[in-house]
Each structure stands twice: as C-alpha cells, then as structure tokens.
Amino acid sequence: MNNQQVKKVVIAGGGTAGWITAALLSRVMGKTLDITLIESDSIPTVGVGEATIPPLQTLHDILGIDEKAFMAATNATFKLGIAFENWHNVGLDYIHSFGFAGRDSWVCKFFNYWLAGKQRGMVTEYGDYCTEHLAARQNKFAVLPRTGLNYAYHFDAGLYAGYLRKLSEPWGVKRHEGEITSVKLRESDGFIESLQLARGEVIEGDLFIDCTGFRALLIGDALGTGYKDWSHWLPCDRALAVQTESVAPPIPYTRSIAHGSGWQWRIPLQHRVGNGLVYSSGYMGDDEAHSLLLGNLEGKPITEPKPIRFRTGTRTHHWQKNCIAVGLSSGFLEPLESTSIHLIQRAVHYLIKFFPADTIRQLDIDEYNRQLSTEIEYIRDFIILHYKVTERNDTDFWNYCRTMSVPDSLASRIELFKETGRIFKHGLELFGEESWIQVMIGQGLMPKLPHAVTSEMNDDELSNFLSGIKEKVNKDLASLPIHSDFINYYCRSATAKSGMSTDKA
Ligand SMILES: Cc1cc2nc3c(=O)[nH]c(=O)nc-3n(C[C@H](O)[C@H](O)[C@H](O)COP(=O)(O)OP(=O)(O)OC[C@H]3O[C@@H](n4cnc5c(N)ncnc54)[C@H](O)[C@@H]3O)c2cc1C
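Residues numbered from 1 in each chain as written. Predicted model: local features only at pLDDT ≥ 70, side-chain atom pairs only at ≥ 80, totals over all residues. Heavy atoms only, no water.

**What about the packing of aromatic side chains?**
Each aromatic ring pair is summarised here by two numbers: the centre-to-centre distance and the angle between the ring planes.
In step 1: As enumerated under the stated definition, the model contains 42 aromatic pairs in all.
In step 2: With a centroid separation of 5.3 Å and an interplanar angle of 25 degrees, the aromatic rings of Phe84 and Tyr94 are classed as stacked. One end of the pair, Phe84, is in strand β4 (residues 81-85); the other, Tyr94, is in strand β5 (residues 93-97), and 10 residues separate them in sequence. Judged on exposure class, the residue Phe84 and its partner Tyr94 are both buried. (Phe/Tyr/Trp six-rings, centres within 6.5 Å; stacked < 30°, edge-to-face > 60°. Helix = DSSP H or I, 4+ residues; strand = E, 2+ residues; numbered from the N terminus. Buried < 20%, exposed > 50% of the residue type's maximum accessible area, 1.4 Å probe, protein only.)

This is the structure we're talking about:
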C-alpha cells in the first residue's frame, strides 16, 4: 500500500475523455480535490465521437446540464437508434432502436409472442411494435414528459468538450495549456510523481488520469501497461473521417452502412453531417477507402478526410499504480454501437465509487479493473455479434467474419437464442435483452421456437394482443412532430443552417 493521501488529481489530455473526467470529478468532489487538466493546443483531439447512447442522460443529470442549452451549444440532434444497412445481407436493413417492442410478460419477452404470431402468419416486422423504431423510420421525434421515448444525442465533439470545460472551470478545475514531454516515476514504487511540460513546468500529483487518447502517454508509454488485442474478432483497424454539408434536415438516428470490407457512418447534426469509413487494412487499401468514402457522401465535404489508425482491444489494467486510463488511452472496441463515450462515463463513475478515502489500495485497484473489464467484455461480444451473424458471403472480409471463431461467452448466447429464443442480461452488462434481440434477428438469426407459454394463447387471443400493441404504437406516433421541426422549436443552434426546409412525413 502506498501511504500518500489522494488530494491532487492531474488529468492529462483535454478531449471528450479529459473534460468528462474533469466535469464529473469536480461536480462530485470539487470541494475537496485539487484538480488540474493539462491539454496541448498543438496536439489535436481525435475529432470524432459524435454519436451517443441513452445513459449519457444520467451523466448530464448529475452535471445539472440543461438539455436545450446543451443541444443548442453543440449543434446536437436526437438519436433513437442506429440503422444497420447491408449488415444482414446486401440490400437488407434493420434498426437497433433504443426502444422496447410490445409488452413483456413476467415469463418471457414480448419477442416470443411476436415470434408465435410470425409462425402463425399474423405479424408484420418486429420494429412495427416499437414506438422508437417507427419514429426513426418516419423521421419523428419529441421529448415527452412521462411515457417518453428512449433517446440519445448526436453532437459536435469539439463543441461538447468546450461545453464541459465551461462547466468545469467554475467548479474548480484548473486548465493548464502545454505539451507533456515526459513522465517522472518515483524510484521507490514506480508510481507517477510528476509530468514535465515542454515549457519547463513540472506538474505534480497524487493520482493521474490518462486522457491522452491513442498516445496513452502515462498508462502505456510510462507505465508499460499491456494491451489485449482483439483484432482477430474486430478486424477493422482504420478509419477515414470527413464532415459534409447537410443536404436535408437531420434524421433522428445514426446510419451504419456496411461495405465490402468495413462500414460507413453518417451522423446528422444541426449544421453538418459527420461521415466516416471504418475498414480493415488487411482487406482494403487506403486509396480504395478514400474513393469509397468520397464516392458515398451525400453533401459537399467541408473538411479534408482525416485518417485514423487504431487497434481494437483493451488495456490489461485500466488502473495501474496511481494512474487510471480513461478514453482512448484505455482501449478501443470500435465505434459501431457508439459505446466509447459511454465507457468514459463508466470509468469516471467507477473512479468516484472507488475513490480512495485516504491512500491508494491494491484491493481497490483490482476490483476496479475487474468490474470495468467485465463491462467491456460484454460490449465487445455485442459488437462482434454484428460481424459474426451475417449472411454476407460476397467478399473475403465478410467470409472471414462469418466463419471466425468468437469468444465462448458469445458463442453460447448465439446458440441459446437460436435454439430457444432465450436471451439474458448479465449483472454488469450495458446492452439489455431487447438490444440483443433486435440485433440478432436484424442480422438474420431467428429462433426455432417461441417460449412454450405462448401456446396458451389461441389465434384470436394472440392476434388481439398483437394488434392492440400496434394500435397503441401508431397512436403514440401520430402525436409526434417531424424531428427537425421539434429541434427548431426546442433547441435550434445559432449556427444551424438557416432556411433549411423541413420535410413532412
Ligand atoms: C473512427 C472513430 C469513430 C468514433 N465514433 C464514436 C462515436 O460515434 N461514439 C462514441 O461514443 N465514441 C466514438 N469514438 C470514440 C471517441 O472519439 C473517443 O472515445 C472520445 O473522443 C475520447 O477521446 P479521448 O479524449 O480519449 O482522446 P482525444 O480526443 O485524442 O484527446 C486526447 C487529448 O490529449 C491531449 N494530448 C495528447 N498528447 C499530449 C501531450 N503530449 N501533451 C499534452 N496533451 C496531450 C490532446 O491535446 C487531446 O486534448 C470514435 C473513435 C474513432 C477512432
């Protein structure tokens, strides 16, 4: 055990990870901690990371963020889910929405009743029984008081970090501009003692948070913490990102369009669209990626395409000695389900839960690492599912993905669902049963049989039950405005393109 009390926290890096850490830590523990954030104006942030998932609202609640003000300040739009196009097979698409279809019974998920109805020839698409799914398809959205929609946001990543900075500084965070050139370790125990900056300053601390992105200056370079490589399961290792002008009002979901050796994202903001191609360098060259992306844009590019390299995987230890890796320094799965910013939030959540009352204990470190790794592995499995369960056999990339071996934890879930229609959420797992069902059937995995209890319903009973749900969904939908009309009324940003026509469904 190290005997130093933890009072001075140094956050290295000021991207989304650095500023979420600074905001949450100062909001919750700002009266007792001395928090410094170091960022370098000459080292850009990764510049992507603009799609989120619903738990971000919990972070915003803790930070006391006003939704309308935050959305206007970051050119944000609403997100009801992700459309996966060409993933199941070329020409097929589905939406993984944040909603829940139908009504579950205590015995089993609604999905089983839908499956029974499908086998008896009395249903339409599964998504037709879910308000979020249909709202996305029909480009509708509103924030509803109680029985509301489940949603997240798309926002401008640069503006978001700036927004959090404005919150954090009044809560006591001291921002220090400068480039970190070296990390000094204490001889006695190898803990980090200080960071040396290019201009000669030395920043000392008790606890260091590595938010330096893929560089991982502290956790990787200085402490030599290992990295678990998952690229055999998640083979994409490059991205090319470009921003374009909007050519239509923003839709309330992210688009993920699969190509021959990777996939393309489209993230609609109020003032522009974020685009990128995620691909595997083993199957696609950079020049091909460049022309594929530029040939599949809807609007005129407003930035130069930015290449990004990564290796999918995770740190063997996220907390090592007196250093905690948060953000890209801690690993990267890949952006398919927009889980990276969520993992930043979780890492800081755990940091606060495990914050040493006096000194840093190995017991805390071990438990922190165990819990966070478990969460990450569940998310990893969920992302691999999209690649593994597919009917695509049109390229070497998809043939590899479809036939690769997957972690046992995932293989057994796929098998259980295929045979029985059963899926269970584990304790620390982010994605619930509904998400697994939507993606499994969306990718083409349909169980053989529904739950036995569905046989208790005769055809009339089942048909009435299913059509009652559909009626309710359609009634809810009828009262929703078009997404862009709602944004204009609720949170229009000053920079959003003026005079943009709003489309009518
Ligand atoms: C292609 C791609 C798409 C993504 N899409 C999504 C998405 O849709 N949703 C999602 O949740 N996540 C997404 N992510 C992940 C998301 O972008 C990151 O989790 C998030 O931006 C946090 O990055 P970061 O702050 O860790 O690193 P960075 O943004 O790289 O920030 C690093 C910071 O460290 C500073 N720094 C580095 N070196 C030094 C030094 N020597 N001295 C001083 N300062 C230094 C830099 O100045 C910068 O401030 C995506 C990532 C990639 C690669």
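**Observations regarding the site of the ligand**
In step 1: Near the ligand there are 32 residues, and of these Gly14, Ile43, Ala51, Ile180 and Ile341 occur at the shortest range.
In step 2: Between the ligand and Gly15 there is a distance of 3.4 Å, counted from an oxygen atom to a backbone nitrogen or oxygen.
In step 3: At 3.0 Å, a backbone N or O of Val46 approaches an oxygen atom of the ligand.
In step 4: Surface burial for the ligand is 97%, taken as the share of its 1,000 Å² of free accessible area covered by protein chains.
In step 5: Of all the elements in the fold, those that place two or more residues in the shell around the ligand are α1 (16-29) and α9 (340-353).
In step 6: Broken down by element, the shell around the ligand gets its largest block of residues, 3 residues, from α9.
In step 7: Residues that form the shell around the ligand fall into these classes: 16 nonpolar, 13 polar and 3 charged. (Near = heavy atom within 4 Å. Polar contact = N/O pair within 3.5 Å; in protein donor to acceptor, adjacent residues only side chain to side chain. Areas by Shrake-Rupley, 256 points an atom, 1.4 Å probe, with all protein chains shown as cover. Nonpolar A, V, L, I, M, F, W, Y, C, P; charged D, E, K, R; others polar.)

**A short note on the side chain of Arg255**
In step 1: Position of Arg255 relative to the elements: it lies in strand β14 (residues 254-259).
In step 2: The contact partners of Arg255, leaving out residues within four places of it in the chain, are Ala83, Glu85, Gln264, Trp265, Arg266 and Glu298. (Contact = heavy atoms within 4.5 Å.)

**Here we look at the packing of helix α10 (residues 362-388) against helix α12 (residues 408-420)**
Each pair of packed helices can be summarised by the angle the axes make with each other and by the distance between the axes.
In step 1: Two elements in contact, α10 and α12, have axes separated by 10 Å at closest approach and are oriented at 60 degrees. By the criterion of interaxial angle, the relationship of α10 to α12 is oblique. Crossing of α10 against α12: the hand is right-handed. Mapping the contact onto sequence places Arg380, Asp381, Ile384, Leu385 and Lys388 in α10 and Ser409, Leu410 and Ile414 in α12.
In step 2: A per-class count over the contact of α10 with α12 returns 4 nonpolar, 1 polar and 3 charged. (Axes fitted to C-alpha atoms, helices over the stretch in contact; angles between N-to-C directions. Parallel < 35°, antiparallel > 145°, perpendicular 65-115°, else oblique. Left-handed = near helix turned anticlockwise from the far one by under 90°.)

**Some points on the sheet that holds strand β10 (residues 202-204)**
In step 1: Pairing in this open sheet of 3 strands is antiparallel, and the strands run β8-β9-β10 from one edge to the other. Both outer strands of the open sheet, β8 (180-185) and β10, are each paired with one neighbouring strand and no more. Taken over all neighbouring pairs, the strand axes of this sheet differ in orientation by 25 degrees on average, direction set aside.
In step 2: Of the strand pairs in this sheet, β8 and strand β9 (residues 192-197) are connected by 5 bridges, and their pairing is antiparallel. Within the sheet, the bridge partner assigned to Lys184 lies in β9 and is Ser194. (Pairing = 2+ DSSP bridges.)

**A short note on the domain arrangement of the chain**
In step 1: Domain boundaries assigned for the chain yield domain 1 (8-50 + 156-228 + 312-360) and domain 2 (78-150 + 238-309 + 388-496).
In step 2: One C-alpha centre belongs to domain 1, the other to domain 2, and the line joining them spans 32 Å.
In step 3: Tallying the contact residues gives 15 residues for domain 1 and 22 residues for domain 2.
In step 4: Of the roughly 1,400 Å² buried between domain 1 and domain 2, counting both surfaces, carbon and sulfur atoms make up 61%.
In step 5: Three residues stand out in domain 1 for area buried against domain 2, namely Glu50, Leu336 and Glu337, and they jointly supply 41% of the buried area on that side.
In step 6: The tally of links between domain 1 and domain 2 comes to 2 salt bridges. (Domains from an automatic or database assignment. Buried area = accessible area lost by both parts, 1.4 Å probe. Salt bridge = Lys/Arg side-chain N within 4 Å of Asp/Glu carboxyl O.)

**Thoughts on the environment of Gly91**
In step 1: Mapped onto the elements of the fold, Gly91 is located in the loop between β4 and β5.
In step 2: For the pair formed by Gly91 and Arg311, sequence separation is 220 residues and the distance between their alpha carbons is 29 Å.

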